[in-house]
Amino acid sequence: MKLSKLNKGLLGLLVLAVMVAGASFMKRQPQQLEEGWHHGAFMEIFVRSYKDSNGDGIGDLKGLIQSLDHLKDLGIKGIWLMPITASADRDHGYATRDFRNIEPDYGTLADFDELIKEAHKRGIGIIMDYVLNHSAKEHPFFEDALKNPNSPYRAWYEWRNEKPQGWDIWGRDPWITTNNGSYLATFGAPMPDFNMRNPEVVKYHEESLKFWLDRGIDGFRLDAVPHLIEKDAKDWNDQPESRQLTGQFTRLIKSYPNKYVVCEATAEPKVYARTDICGGAFAFGLENQISKAAKGETEAIQKVAQYYTQAPHTLASFASNHDQFAGKRLWDQVNGNEVHYKLAAATYLLLPGTPFIYYGEEIGMAGAKGLTDDPFIRGPYSWLPNEATAGFTTGQPYRAVSGNVSTHHAQIQKAGADSLWSFYRDMVALRNTRTSLAKGSYEAAQAQGQVLTYQRKAGQEHSVVVINYGAQSVPLTIEGLASNATLRTLYPAKGVANQKGAQVTVPAQSVYVFAVEK
């Protein structure tokens, strides 16, 4: 069939349009990350408190983009962004009012695309918080359901005409009474629970997850997954249906190549770390032993030693995070003792699992001045020794800065050879250069008094970690090593000389990492 000149012209325009669209799509697609990138250390970042690029006193995505080299210098391989979707709370972000758009305070979708592209250039992956359990009460779907009992979105949320009785979740009644019935709000009235038994709700979340995956996100931190399904006043926490749903969402995410999922599941993290549910989950229960071990408490050291002998190595270790129930900032946990601080950092950064550093931890940030509860641990990042702005903004910070900003800030920490920053960089570098420390086995773990020792292996690579939490040097026999094995000191740089056999003397309050060579 012959084409007219007009049709040929239209066909040519169509081909050109497809080529332009394809070029635009390819331009947006970020550089691919190395397989297994998520075995490196992550930084948890609260964008609102990280770096302000425009002087309005609120951190934003452009400020984070400007700070990527700072994270690369530390050796970070992944970033967990606390919620960056549009929120009603205009603070923590967990009251989501638009699951497919960026919080206006933080920027635009174009800024998000640029962040992914620039992070990937530096070998850094990005995961974002995704809230499955609830929306904001200001979400258009809930607003419609609230004012109209016949709304099609009424079935998207947990509504009851008569308020259920006898419920108690964390010391309060989760059912909120309105003029048109009562709704369930596990995390408080501003955040109504979705009805996750409704297939339309599940589909909505699946399409929202795909929206971000198609833009190049490298995975998700799935929030509060044990609370997706509440049966009744007795069986409201961690029901089998919640686990099944979480596994369904995880399989969708991992149908895209090289993606990572980590779940918040406080009660049973070891279960949620299973590959048929999340594949990764935060190691709740370990975090509250880390600073205790660093202070030399023998029971805590024993618990740290045993944790990964019984736990999946897909768990995510941390010393603190954005929630006060997980503890204060590490600086405040150890009362500003930098020796204990370094021991705590080494404790979780060298263990199996994926370590998550809470922003500011690597420079010794304390809690925000004069604040309490969650705001206390979510203050602006200390870039400079400025009591007014911390170098976080050129304007007025939206929240009080750290209580120790004058002595612990990025500028001075990056310049100090013995600083906390330098110590974190060295620990992270060990993970980045030693496969055995990033994803190897965990063997011969033991706590001998105040000394923790364990071995990690991957193929022919064999590492030994020794941490002496005590105030005295300790002669030690490392179990399971051949008499002719050579211990080569990897850390510290001025450590003991290479030696034969398993006898070492470990200085007080020190960290040693050895390579075992035959």
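This text goes with the structure placed above it.
Reference entry: report on the structure contained in this document. Just so you know, these numbers come straight off a predicted model, no measurement behind them.

## Let's talk about the overall build of the protein chain
Piece 1. Within the protein chain, the regular secondary structure consists of 16 helices and 21 strands.
Piece 2. C-alpha extents for the protein chain along the principal axes are approximately 80 × 70 × 50 Å.
Piece 3. A buried classification covers 56% of the 518 residues belonging to the protein chain.
Piece 4. In the protein chain, once contacts between residues fewer than 6 apart in sequence are set aside, the share between residues at least 24 apart is 66%.
Piece 5. When the accessible surface of the protein chain is summed, it comes to about 21000 Å², and 51% of that surface belongs to carbon and sulfur atoms.

## Focus on the packing of aromatic side chains
Piece 1. On inspection of all chains with the given rule, the structure shows 42 aromatic pairs.
Piece 2. Relative to Phe42, the ring of Trp37 has its centre 5.6 Å away and its plane inclined at 40°; by these criteria the two rings are tilted.
Piece 3. The exposure class of Trp37 is buried, given its relative accessible area of 5%.
Piece 4. Through a chain of ring-to-ring contacts, three or more aromatic side chains come together here, namely Phe99, Tyr130, Phe141, Phe142, Tyr153, Trp156, Tyr157, Trp159, Tyr183, Phe194, Tyr204 and Phe220.
Piece 5. For the cation-ring pair, Arg154 lies above Trp159, with the distance from its terminal atom to the ring centre recorded as 3.8 Å.
Piece 6. Its end group placed over the ring of Tyr359, Arg329 keeps NZ or CZ at 4.7 Å from the ring centre.

## Quick word on the pairing of strand β10 (residues 260-263)
Piece 1. Judged by which residues are buried, β10 turns out to be covered on both faces: Tyr260 and Val262 on one side and Val261 and Cys263 on the other are all buried.
Piece 2. Where strand β9 (residues 219-223) meets β10, 4 bridges bridge the pair, whose relative direction is parallel. Bridging from a neighbouring strand, Gly219 pairs with Tyr260 of β10.
Piece 3. Handedness of the crossover is the feature at issue here: the chain leaves β9, passes through helix α7 (residues 240-254), returns alongside β10, and the resulting connection is right-handed.

## So, the pattern of salt bridges
Piece 1. This structure, assessed with the given rule, holds 30 salt bridges.
Piece 2. Close ionic contact of Arg160 with Glu158 constitutes a salt bridge, the shortest N to O distance being 3.1 Å.
Piece 3. Judged by relative accessible area, Glu158 falls into the buried class, the value being 5%.
Piece 4. Put simply, Glu461 and Arg434 hold a salt bridge, and the shortest N to O gap is 3.6 Å. Here Glu461 is found in strand β16 (residues 461-468), whereas its partner Arg434 is found in the loop between α15 (420-433) and α16 (435-439), with 27 residues between them in sequence.
Piece 5. It is possible to trace a salt-bridge network through shared partners that takes in Arg48, Arg90, Glu103 and Asp105.

## Observations regarding empty space enclosed by the protein
Piece 1. Counted under the stated rule, the structure contains 1 cavity of 30 Å³ or more.
Piece 2. Reported here for the largest cavity is a volume of approximately 40 Å³.
Piece 3. What lines the largest cavity is simply Pro83, Thr85, Thr96, Phe99, Asp129, Tyr130 and Val131.
Piece 4. Among the secondary structure elements, those contributing two or more residues to the lining of the largest cavity are β4 (96-102) and β5 (125-131).
Piece 5. Among the elements that take part in the lining of the largest cavity, β5 stands out by supplying 3 residues, more than any other.

## Details of the nonpolar core
Piece 1. One finds Ile45, Leu71, Phe220, Leu350 and Phe356 to be the most contacted residues of the largest nonpolar core, which totals 139 residues.
Piece 2. Counting 14 residues, the second-largest nonpolar core is a separate cluster that includes Val464, Leu476, Leu487 and Val516.

## Points about α7
Piece 1. With 15 residues, α7 should reach 21 Å at 1.5 Å per residue; the first-to-last C-alpha distance of 21 Å fits that figure.
Piece 2. Taken as a whole, α7 has its buried residues at Ser242, Leu245, Thr246, Gly247, Phe249, Thr250, Leu252 and Ile253.
Piece 3. Where α7 is buried, its residues touch α6 (199-214), β9, β10 and α8 (269-272).

## With respect to α15
Note that an α-helix has 3.6 residues per turn; residues three or four places apart therefore point the same way.
Piece 1. Counted at 1.5 Å a residue, the expected span for α15 with its 14 residues is 20 Å, and the 20 Å between its end C-alpha atoms agrees.
Piece 2. For α15, the set of buried residues is Leu420, Trp421, Ser422, Phe423, Tyr424, Met427, Val428, Leu430 and Arg431.

## Regarding the layout of surface pockets
A probe matching the size of a water molecule, rolled over the atoms, marks out where space remains unfilled.
Piece 1. One number sums up the size of the largest pocket: a volume of about 450 Å³.
Piece 2. Lining of the largest pocket is provided by 19 residues; of these, Phe187, Glu264, Asp323, Phe325 and Asp374 occupy positions nearest its centre.
Piece 3. Class assignment of the residues belonging to the lining of the largest pocket gives a composition of 7 nonpolar, 6 polar and 6 charged.

## Quick notes on the sheet that holds strand β6 (residues 159-160)
Piece 1. Spatial strand order, β6-β8-β7: 3 strands in an open sheet with antiparallel pairing. Either end of the sheet is taken by a strand with one partner, and the two such strands are β6 and β7 (175-178).
Piece 2. Across 2 bridges, the pairing between β6 and strand β8 (residues 181-184) is antiparallel. Bridge pairing in β8 links Trp159 to Tyr183.

## Here's the deal with the packing of helix α9 (residues 287-294) against helix α10 (residues 298-307)
Piece 1. Relative orientation of the contacting elements α9 and α10 amounts to 130°, with a least axis distance of 8 Å. Viewed along their axes, α9 and α10 adopt a mutual orientation that is oblique. Considering the relative orientation of α9 and α10, their crossing is left-handed. In this structure, α9 contributes Gln289, Lys292 and Ala293 to the contact, and α10 contributes Ala300, Ile301, Lys303 and Val304.
Piece 2. Here the residues of the contact of α9 with α10 sort into 4 nonpolar, 1 polar and 2 charged.

## Quick notes on unusual backbone geometry
Piece 1. Geometrically, the link from Tyr491 to Pro492 is a cis peptide bond, its omega value of 0° lying close to zero.
Piece 2. Relative to the helices and strands, Pro492 is located in the loop between β18 (486-491) and β19 (499-500).
Piece 3. In the Ramachandran plot, Asp238 falls in the positive-phi region, its phi being about 55° despite a non-glycine side chain.
Piece 4. Here Asp238 falls in the buried class, since its relative accessible area comes to 13%.
Piece 5. Residue Asn258 is not a glycine yet carries a positive backbone phi of 65°.

## Some details on the state of the cysteines
Piece 1. In the structure shown here, the tally under the stated rule is 1 disulfide.
Piece 2. A sulfur-sulfur separation of 1.9 Å characterises the disulfide bridge that pairs Cys263 with Cys278. In this structure the cystine formed by Cys263 and Cys278 twists about its S-S bond by roughly -90°; its chirality is therefore left-handed. Of the two residues, Cys263 sits in strand β10 while Cys278 sits in the loop between α8 and β11 (281-282), which places them 15 residues apart along the sequence.

Rules behind the numbers
- Residues numbered from 1 in each chain as written.
- Predicted model: local features only at pLDDT ≥ 70, side-chain atom pairs only at ≥ 80, totals over all residues.
- Heavy atoms only, no water.
- Helix = DSSP H or I, 4+ residues; strand = E, 2+ residues; numbered from the N terminus.
- Buried < 20%, exposed > 50% of the residue type's maximum accessible area, 1.4 Å probe, protein only.
- Contact = heavy atoms within 4.5 Å.
- Areas by Shrake-Rupley, 256 points an atom, 1.4 Å probe, with all protein chains shown as cover.
- Phe/Tyr/Trp six-rings, centres within 6.5 Å; stacked < 30°, edge-to-face > 60°.
- Lys NZ or Arg CZ within 6 Å of the ring centre and 35° of its normal.
- Pairing = 2+ DSSP bridges.
- Right-handed = clockwise from strand over helix to strand, strands pointing away.
- Salt bridge = Lys/Arg side-chain N within 4 Å of Asp/Glu carboxyl O.
- 1 Å grid on protein atoms, 1.4 Å probe; cavity = no way out; pocket = protein on both sides within 12 Å on 5 of 7 lines; lining within 4 Å.
- Points joined across faces, edges and corners; volume = space filled by probe spheres on them.
- Core = buried A, V, L, I, M, F, W, Y, C linked by side-chain atoms within 4.5 Å.
- Expected span 1.5 Å × (residues − 1).
- Nonpolar A, V, L, I, M, F, W, Y, C, P; charged D, E, K, R; others polar.
- Axes fitted to C-alpha atoms, helices over the stretch in contact; angles between N-to-C directions.
- Parallel < 35°, antiparallel > 145°, perpendicular 65-115°, else oblique.
- Left-handed = near helix turned anticlockwise from the far one by under 90°.
- Disulfide = S-S within 2.5 Å.

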